[in-house]
Amino acid sequence: MSMPSEVKMKVEDLSAFYASVRAVEGINLEIPDRRVTAIIGPSGCGKSTLIRCLNRMHETTPKARVEGRVLLDGDDLYELDATLVRRRVGMVFQKPNPFATMSIYNNVSAPLRFNGRPSRQEMDQTVVRSLKHAALWDEVKDRVDSAATSLSGGQQQRLCIARALAGDPEVLLMDEPCSALDPIATSKIEELIGQLKNDYTVVIVTHNMQQAARVSDFTAFLYLGKLIEFGPTGDLFERPKEHLTESYITGRFG
Amino acid sequence: MNKDPLADTGEPRGYDLEVRHLKDRAVRMGGWALGMVHDGWRAYDQGDLAAAQAVLDRAGQLDQFDEDMEHATIAFLVLRQPAAVDLRTAAGLLKSTTHLDRIGRLGFDMARITSSGPAKELPELRSLLQEMDDIVESMIRQTLDALNRDNIELARQLFRRDDTVDRMHRQANRVIITNLEKDPALVRRLAGDLLVARHFERIADNACKVGEKTIYALTGQRRSEYLPRHPTRPYVLERPLPDSGGGRT
Amino acid sequence: MILDRHHRRQLFSHSMTVLSGLAIVVIMVPLIAVIYEAVVLGSPAFSFIFFTQRPALGCAPISGITCSLGGVSPAIQGTFVLLGLASLIAVPIGVGAAIFVVEFGGPIARVISTTADVLSGVPSILAGVFIYTILLQYDRALVFSYGSASLALGVLMIPIVVRTTEEALRTVPNSVREAALALGIARWKTGIRIVLVTALPGVVTGVLLAVARAAGEAAPLLFTLGNSCFHPFEGITQEGCALPLWIFQGATAPYQNWYTLAWGAALLLIVIILVISLTSRVVLNRLVRRMGGQ
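Residues numbered from 1 in each chain as written. Chains lettered and ligands numbered in written order. Predicted model: local features only at pLDDT ≥ 70, side-chain atom pairs only at ≥ 80, totals over all residues.

A.B. asks: Explain the overall build of chain A to me, please; I cannot follow it from the model alone.
C.D. replies: Counting its regular elements, chain A contains ten helices and ten strands. At 18 Å, chain A has a C-alpha radius of gyration in line with the 18 Å of a compact globule built from 254 residues. Along the three orthogonal principal directions, the C-alpha set of chain A runs to about 55 × 40 × 35 Å. Among the 254 residues that make up chain A, the fraction classed as buried is 49%. (Helix = DSSP H or I, 4+ residues; strand = E, 2+ residues; numbered from the N terminus. Rg over C-alpha atoms; globule rule 2.2 N^0.38 Å. Buried ≥ 20, exposed ≤ 12 C-beta atoms within 10 Å, placed from the backbone.)

A.B. asks: Would you mind going over the pairing of strand E9 (residues 218-223) of chain A with me for this structure?
C.D. replies: Across a regular strand the side chains alternate sides, sitting on one face of the sheet and then on the other. Residues and elements named next belong to chain A. For E9, the tally of buried residues reaches six of six residues, placing the bulk of the element in the interior. By the alternation rule, side chains of E9 split into Phe-218, Ala-220 and Leu-222 and Thr-219, Phe-221 and Tyr-223, which are all buried. One ladder, built from four bridges, connects strand E3 (residues 36-40) with E9; its direction is parallel. Bridging from a neighbouring strand, Ile-40 pairs with Phe-221 of E9. Bridge analysis of E9 against strand E10 (residues 226-232) gives six bridges, and the strand direction is antiparallel. The partner of Thr-219 across the bridge, within E10, is Gly-231. Hairpin remark: E9 followed by E10, antiparallel, with two residues in the connecting loop; positive phi at Leu-224, about 50°. (Pairing = 2+ DSSP bridges.)

A.B. asks: What should I look at first to understand the interface of chain A and chain B in this one?
C.D. replies: When the parts of a complex come together, some accessible area is lost, and that lost area is often taken as the interface size. Taken together, the contact pairs 15 residues of chain A with 14 residues of chain B. In terms of residues, the side of chain A that touches chain B owes the most to one element, helix H10 (residues 243-249) of chain A, which gives five residues. Grouping the constituent residues of the side of chain A that touches chain B by class yields five nonpolar, six polar and four charged. (Contact = placed C-beta atoms within 7 Å. Nonpolar A, V, L, I, M, F, W, Y, C, P; charged D, E, K, R; others polar.)

A.B. asks: Is there a simple way to explain the packing of helix H5 (residues 123-149) of chain B against helix H6 (residues 152-182) of chain B in this structure?
C.D. replies: Packed helices, taken two at a time, are described by their axes: the angle between them and the distance between them. Residue and element names in this part refer to chain B. The geometry of H5 relative to H6 is characterised by a closest axis approach of 10 Å and an angle of 160° between their N-to-C directions. Between H5 and H6, the crossing angle belongs to the class labelled roughly antiparallel. Remark: the crossing between H5 and H6 carries left-handed chirality. Residues Leu-125, Leu-128, Leu-129, Glu-131, Met-132, Ile-135, Val-136, Met-139, Gln-142, Thr-143, Asp-145 and Ala-146 of H5 lie in contact with H6, whose contacting residues are Leu-154, Ala-155, Leu-158, Arg-161, Thr-164, Val-165, Met-168, Gln-171, Ala-172, Val-175 and Ile-176. In terms of residue class, the contact of H5 with H6 is built from 16 nonpolar, four polar and three charged. (Axes fitted to C-alpha atoms, helices over the stretch in contact; angles between N-to-C directions. Parallel < 35°, antiparallel > 145°, perpendicular 65-115°, else oblique. Left-handed = near helix turned anticlockwise from the far one by under 90°.)

A.B. asks: How should I be thinking about unusual backbone geometry in this particular structure?
C.D. replies: The phi angle of most residues is negative, glycine excepted, and most peptide bonds adopt the trans form. All names here are of chain A. Phi is positive for Arg-56, close to 60°, though the residue is something other than glycine. Mapping Arg-56 onto the fold places it in the loop between helix H1 (47-54) and strand E4 (64-72). Phi angles above zero are rare outside glycine, and Glu-176 is one such case at about 50°. Tracing the backbone through its elements, the reader meets Glu-176 in the loop between strand E7 (171-175) and helix H7 (183-196). Note on Glu-176: 19 C-beta atoms within 10 Å, which makes it partly exposed.

A.B. asks: What is the right way to read the packing of helix H1 (residues 16-46) of chain B against helix H3 (residues 59-80) of chain B from this model?
C.D. replies: Residue and element names in this part refer to chain B. Closest axis-to-axis distance for the H1/H3 pair is 10 Å, and the angle between their directions is 165°. One element, H1, and the other, H3, form an angle in the roughly antiparallel class. With respect to the hand of their crossing, H1 and H3 are arranged in left-handed fashion. Counted together, Glu-18, Leu-22, Arg-25, Ala-26, Met-29, Trp-32, Ala-33 and Met-36 of H1 and Gln-61, Leu-62, Phe-65, Asp-68, Met-69, Ala-72, Thr-73, Phe-76 and Arg-80 of H3 form the full contact between these two elements. Class assignment of the residues belonging to the contact of H1 with H3 gives a composition of eleven nonpolar, two polar and four charged.

A.B. asks: How should I be thinking about the sheet that holds E9(A) in this particular structure?
C.D. replies: Across a sheet, strands are paired by hydrogen bonds formed along the backbone, either parallel or antiparallel in direction. All names here are of chain A. Taken together, the six strands give an open sheet; going across it, the order is E6-E7-E8-E3-E9-E10, and neighbouring strands pair in mixed fashion. With one partner strand each, in any of the chains shown, strand E6 (89-92) and E10 form the two edges of the open sheet. On average, each strand axis in the sheet is tilted by 20° relative to the strand beside it, whichever way the strands run. Packing against the sheet, H1 makes contact with E3, E6, E7, strand E8 (201-205) and E9, and its axis sits at approximately 150° to E8. Those strands touched by helix H6 (residues 153-166) are E6 and E7, and its axis lies near 170° from that of E6.

A.B. asks: What should I look at first to understand the interface of chain A and chain C in this one?
C.D. replies: In this assembly, 24 residues from chain A lie in contact with 19 residues from chain C. Looking at the side of chain A that touches chain C, its residues break down into eleven nonpolar, nine polar and four charged.

If you want it as structure tokens, here you go:
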């Protein structure tokens, strides 16, 4: 696996705090464009905190703050308006969270409707395209007006992915997207991720190493808030450079 | 409060025990193969048909080892999905099984071509072949030792000894062909010696390959990363005539 | 009587059951008594005239003369006007404040929330006095008017609306907010168009309950509504009437017919409040079902 030519996001000396507690320390990381980058590590190592810094969701927690920079195509995300950042960097959460009061159609079109004044045609096109991108269109095309909550867990998660894609982000962040799903739903989403990377840069946090191995091109290993190792997934799993990395992935701790 | 996760407590962790079992199997198989080489050579050298037959009877056990080893290693791979050192060790053992099997087979073949009665001609050839056997058996023991004890240095030392065996092989070839030209009546004996010399060279090579796998398991490095090919002279055809010869440095 | 442990426990259990039953009776008695009285004394006043006409002139009972009753139509009009205006004032302010408190947080939000908690426990008469005093400084002519009374009732309703809306908004799980924020939707928009909508059943219930409360308040009206129970609604700057006010006036007057009308108004008020409460339940269920169950 060759290093890609472009870096999509660059994390420079990032530290993140909850009040006075430092959850993540001095992270330097380059996220390659249109590849899947996985972030792995034991519980509490800061991987969720890190990914939430990439779309400025970390600061929505009271008393949370951030030091350092995050660049997206050279733009410092912490100098821009936070809501604009979140339109360029989308996110899917661990527990599927479609808007329960809305239909499938309204869920997927939400980023358009709430951030602008789209025409009916624009919305229709976007909804169909996003649902297709999320591999959900075939299953719901006859009932886009039914309640989002009528879908199964795995379908709801794909709905959330479609909704995130509808805003046309450049980067898609996924925080343990399959944790709450059964194995079949999980494998559908993993397959989907493989297709998504053609058009989007994907960053996925997972506590499941085999999933990271299956799905990602690059892997970052975090431990106690620090970045221990980063590299092509195959290399990292076959011959990690750091002793800590090897101890973790061979199950000798964590 | 929290124990240092890397502190060596001396207790087995992760898949330590399972990998240990796999290695033990490999070492046992290697021991069996070593026995076949030792007894096969002696049977050939002494012309002892009974001894040769005994070796032939042990071939089935070698097959069994091969299958068991493969089965155990694949089970470990699929059920544990190991990574890093565990993965490299298991993958290495899978290939080493083949090499150990070949070593055993080569001993088997030496027994197979045994003809009645010891050879009395060409004593310097006899002692050359005996010396080859000594080195080769020692190499087998060394590679198994390196595997068993996770010793990179022992593995590394095999390469030089392999070069030595190569040289001895070429030397034996020269002696045999020269003498064949001089005295064609010796052809039956010398044909066998030609094969046996070649078998020793192959055994040494296979022992080396097992060593390479040990190095790979421990360091992740493949052969080309630490043993570069000769820059100006890659593999050259074997020229058994008196010459500086080709081959690896 | 010497009892073993088992029988002692049984006796205890039974006596507790009896006591609970007695407690229920004690609670129900006044409630039933009041309703009974209202029905008995008030229903004679009900008629088409009752709802459409103003009260007849007061007449004390002299033997032989039956007084005509008339109706309480000005009071009914007044109640609806007041409730409508008060809601118009209280709902935007109350809901807006609650959204601010829950979605944005911070020290100001905590102050607002605590203030609302405190104010909801304050006697309702103070709302009346408060508006009365302010308008006295501002423009005497407006002191007694529908406008003034609406303000007073509004002030009364606001803390209730803030508290119930706050509670309803807090039941919305954070995952909803995160989902919206992560799509690049601004915080205020998230609060209004998504969180509020999700919590709508609870918010509506809260508003209806505040309305029901305001419908029955008499004390604030004493200071702000004036007394004009014989004229229909003529403008928010005019003095007016409302059901609680008429009850007060009619029940304390020496006129028999007014007394009866007062009980009629009381019964009507009970019915109105009952209807609002039941409506809020029905609305809650309907909305909840339509929104996919919360």
